[in-house]
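Remarks on the overall topology
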Amino acid sequence: MHQLVLILDFGSQVTQLIARRLREHNVYCEIKPWNKVTSIPENCVGVILSGSPFSVHQEGAPLPAVFDINPNLPMLGICYGAQLMAQLNGGKVERSTHREYGRANLISHQASHVLFQEIPDNSQVWMSHGDTITGLGENMDIICSTENVKVAGYAFRDRPVFGVQFHPEVFHSTDGGTMLKNFVVNVCGCKQDWTPASFADETIADLKVKLGDDKVILGLSGGVDSSVAAVLIHKAIGKNLYCIFVNNGLLRKDEYESVLDSYMHLGLNVKGVDASDMFYDALKGLSDPEAKRKAIGKTFIDVFDAESKLVEGAKWLGQGTIYPDVIESVSVSGGPSQTIKSHHNVGGLPDYMQLSLVEPLRLLFKDEVRRVGRELEIPNAILSRHPFPGPGLGIRILGDITREKVRVLQEVDAVWINGLKEANLYDSVWQAGAILLPVQSVGVMGDERTYENAVALRAVTSTDGMTADWAHLPYEFLAKVSNDIINKVKGVNRVVYDISSKPPATIEWE
């Protein structure tokens, strides 16, 4: 059993970045809501308390007795977590005269302190808080300050407990990753042995025990997540895994045939099901994004319910759910973080569907899934594929769905994706797609006036999809793709390029 660092979530939108940073150092961690933890697992070697949108003085704010959980465990409080521990131990937390948000520098810190080993003078950190710590308890000492924040960090004298007012987990804290490593390795004693290879071996072993001789049905999409999940389960139970690839009518151009072909050499037992008509019927007249997602999700489950009845004795439904899906769909593990959007493969199954869920990738980020896939020797053609949303083009067509709109967007998307590949730009982009806008614009083609569709092209760079920047693609390339789309796709006369980053925008438009 691997050592565990437990991250208590108090509702911060960047809590997941703490986990990302620790995973980069091959340290296993889990995020749990603060109000769901009543005991500490035996393999837990440290606890990190996240930030929060709350104030410690606010009615209804999270105020757990964190030291009652296990007073001997190393603890690190970040922002709200630091304020909470100070408040509970004789310190003083007050409203700042002005909100402290943005870059700051450590003008003094104890270079010899265990948290600051290999961290240079004047290291940049990121502040984001409305309260500030103005006093410490008798058994606590200041370990770092910034120009405007005297108590930027503190340590207890009698136990390995620390608090920092800044956010070491975010990119703008330039040495934040080193500080977190110092905590989990030098303080908690983590062995840094949680690797893709160890994850694959342990997951396969666990699946063998969990599934035994049971039969599992798994929906393949042709993407990274479902493919890696399928191979893990296949290595555990072999032919007892029944893979199904559903054509929902919202796939990329010619994708149904090409995806089925791509699995021929993986040894998987795959069946193709064309359920396009069912999905189009379910989506008829729907324009609201959430309504479309839920209709697609319900139809997806209905198809699997029907297919499961054809597999005698099937007891499980396998899915490629990953951590960002869970985080964005509900608060982390049911915690207080705000819901961003629902995902078609998150949230359990209806009572009438007599299958249990098995989700071997539920605690992995996208880049971790790819590394596990390489350990499993899955072809790079699958592992390098851009993420594609479960609802497919259904959430890239703004407004209601028709077959003609799908045809137009498939043609646009094909020109866009093939263009990226031909220009050797595909692998430098994390995700790309085209969006059919619910507007038409005036144009001139030849000597004639046109009034046709406008489309938006989207390409982003990212590590795991939790944050993303728009891809700075060459103007000459964008001009060529725009020209190709307008000339080759009947019904489109205008192309725009989306230069929004996440946050504040999301990667998908719906």
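In this report, the structure presented in the accompanying data block is examined. These numbers were taken from a predicted model, which means no experiment stands behind them. (Residues numbered from 1 in each chain as written. Predicted model: local features only at pLDDT ≥ 70, side-chain atom pairs only at ≥ 80, totals over all residues. Heavy atoms only, no water.)

**Side note on the overall build of the chain**
If you tally the helices and strands in the chain, you get 14 helices and 18 strands. On C-alpha atoms alone, the chain measures out to a radius of gyration of 25 Å, which is about the 24 Å that the 2.2 N^0.38 rule sets for 510 residues. Counting only residues that meet the buried cut, the chain has 59% of its 510 residues in that class. When the accessible surface of the chain is totalled, it reaches about 22300 Å², and 49% of it is carbon and sulfur. Looking at the chain, you have 48 positive and 61 negative side-chain charges, and the mean spots of the two groups are 2 Å apart. (Helix = DSSP H or I, 4+ residues; strand = E, 2+ residues; numbered from the N terminus. Rg over C-alpha atoms; globule rule 2.2 N^0.38 Å. Buried < 20%, exposed > 50% of the residue type's maximum accessible area, 1.4 Å probe, protein only. Areas by Shrake-Rupley, 256 points an atom, 1.4 Å probe, with all protein chains shown as cover. Lys, Arg positive; Asp, Glu negative; His and termini not counted. Charge placed at Lys NZ, Arg CZ, Asp CG, Glu CD.)

**Thoughts on the sheet that holds strand β10 (residues 215-220)**
Sheets are built from strands that pair by backbone hydrogen bonding, the pairs being arranged parallel or antiparallel. Read across the sheet, 5 strands follow the order β12-β11-β10-β13-β14 without closing on themselves; strand pairing throughout is parallel. Every interior strand has two partners, whereas the edge strands, β12 (270-274) and β14 (356-358), have only one. Averaged over neighbouring strand pairs, the angle between their axes works out to 30° when direction is ignored. Pairing geometry for β10 and strand β11 (residues 241-247), over 5 bridges, is parallel. Among the inter-strand pairings, Leu 218 is bridged to a residue of β11, identified as Cys 243. Against the sheet, helix α9 (residues 289-308) engages β10, β11, β12 and β13 (314-318), with an angle of about 145° to β10. (Pairing = 2+ DSSP bridges. Axes fitted to C-alpha atoms, helices over the stretch in contact; angles between N-to-C directions. Contact = heavy atoms within 4.5 Å.)

**Details of helix α3 (residues 80-88)**
Counting buried residues in α3 gives 7 out of 9 residues, a clear majority hidden from the surface. For α3, every residue scored as buried is listed here: Tyr 80, Gly 81, Ala 82, Gln 83, Leu 84, Met 85 and Ala 86. Within two residues after α3, Gly 90 carries a phi angle of roughly 90°, on the positive side.

**Let's talk about unusual backbone geometry**
For the bond running from Lys 502 to Pro 503, omega is -15°, close enough to zero to count as cis. Across the junction of Pro 503 and Pro 504, the peptide omega takes the value 10°, indicating a cis bond. Take Pro 504: it is sitting in the segment after β18 (492-497). Phi at Asn 26 is positive, roughly 60°, even though this residue is not glycine. Its place among the elements puts Asn 26 in the loop between α1 (15-24) and β2 (29-33). Judged by its relative accessible area of 29%, Asn 26 falls in the partly exposed class. For Asn 424, which is not glycine, the phi torsion reads 55° and is therefore positive. Of note, Asn 424 is situated in the loop between α13 (403-422) and β15 (431-445).

**A look at helix α8 (residues 276-283)**
Looking at α8, one finds that the buried residues are Ser 276, Phe 279, Tyr 280 and Leu 283. One face of α8 carries all of its buried residues, which in axial projection span an arc of 100°. Those residues of α8 hidden inside the fold are in contact with β11, β12, α9 and α13. Gly 285 lies just past α8 and shows a positive phi near 80°. (Arc of directions from axis to C-beta.)

**Some words on the pattern of salt bridges**
The final tally for this structure, using the stated rule, is 25 salt bridges. Of the charged contacts in the structure, one is a salt bridge between Arg 23 and Glu 368, with a shortest N-O distance of 2.8 Å. Linking Arg 23 in helix α1 with Glu 368 in helix α11 (residues 366-375), this pair joins segments that are 345 residues apart in sequence. In this structure Arg 23 comes out as buried when scored by relative accessible area, which is 2%. A single network of salt bridges, built from pairs that share partners, joins Arg 20, Glu 24, Asp 367 and Arg 371. (Salt bridge = Lys/Arg side-chain N within 4 Å of Asp/Glu carboxyl O.)

**A closer look at the environment of Ile 18**
Take Ile 18: it is sitting in helix α1. Counting along the chain gives 388 residues from Ile 18 to Val 406, while the straight-line C-alpha distance between them is 39 Å. Contact partners of Ile 18, with chain neighbours within four places excluded, come to Ile 7, Ile 48, Ser 50, Ile 78 and Glu 169.

**A word on the pairing of strand β7 (residues 140-146)**
When you tally the buried positions in β7, you get 5 out of 7 residues, the bulk of the element. Pairing between β7 and strand β8 (residues 153-156): 4 bridges, direction antiparallel. Looking at β8, one finds that Ile 142 is bridged to Tyr 154. With antiparallel pairing between neighbouring strands as the criterion, β7 and β8 make up a hairpin whose turn holds 6 residues.

Take it as geometry only, folks, not as evidence of what the structure does.
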